[in-house]
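The chain contents come next:
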Amino acid sequence: MHVGTVSTSFMKFGDRIRIEMNDTSGRSIFGAIDQVVEKYEPDGFNIGINIDSAAGQSVLHLHIHLIPRYQGDMPDPKGGVRGVIPERQKY
């Protein structure tokens, strides 16, 4: 399962992105967390934002990825989202 929240404004690399709990994106992601917790009871979450093509962004608007995680879904989840660069995952 993967939940995304998408803004309607476009962005490009170098634009300043600020997500605060009181803005629309913040409210959307925390609302999604509440809904996913209620329905699927995950043990944790990864939240990610890709900015520019080098980071995997393919559509030039802010979108936030919410990925529910469960104990045992990976042999060793230590390092979380840093796993996209395997040599940086472990610390």
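Quick caveat, the model's predicted, so the values are computed rather than measured. (Residues numbered from 1 in each chain as written. Predicted model: local features only at pLDDT ≥ 70, side-chain atom pairs only at ≥ 80, totals over all residues. Heavy atoms only, no water.)

Sorry, what's going on with the overall build of the protein chain here?
Helix and strand content of the protein chain: two helices and three strands. Each helix and strand of the protein chain, ordered N terminal to C terminal, gives the series β-α-β-β-α. Here the protein chain holds 91 residues, and the buried ones make up 25% of them. Counting only contacts in the protein chain whose residues sit at least 6 apart along the sequence, the fraction spanning at least 24 positions is 55%. Just so you have it, the protein chain exposes about 6800 Å², and 55% of that area is on carbon and sulfur atoms. (Helix = DSSP H or I, 4+ residues; strand = E, 2+ residues; numbered from the N terminus. Buried < 20%, exposed > 50% of the residue type's maximum accessible area, 1.4 Å probe, protein only. Contact = heavy atoms within 4.5 Å. Areas by Shrake-Rupley, 256 points an atom, 1.4 Å probe, with all protein chains shown as cover.)

So what exactly am I meant to see when it comes to the environment of Gly-72 here?
Locating Gly-72 in the fold gives a position in the loop between strand E3 (61-69) and helix H2 (86-89). Residues Gly-72 and Asp-43, spaced 29 residues apart in sequence, show a C-alpha to C-alpha distance of 9.9 Å.

Can you walk me through the nonpolar core in this structure?
Side chains that are nonpolar tend, in soluble globular proteins, to be buried together. Ile-29, Ala-32, Ile-33, Val-36, Ile-64 and Leu-66 together form the largest nonpolar core, which totals six residues. Sorting the residues of this core by element identifies helix H1 (24-40) and E3 as the ones contributing at least two each. The biggest single contributor to this core is H1, with four residues. (Core = buried A, V, L, I, M, F, W, Y, C linked by side-chain atoms within 4.5 Å.)

I'm lost on the pairing of E3 in this one. Help?
Regular strands place their side chains on alternate faces of the sheet. Among the nine residues in E3, eight count as buried, and that is most of the element. Note: strand E2 (residues 44-49) against E3, six bridges, orientation antiparallel. Bridging across to E3, Phe-45 finds its partner in Pro-68. (Pairing = 2+ DSSP bridges.)

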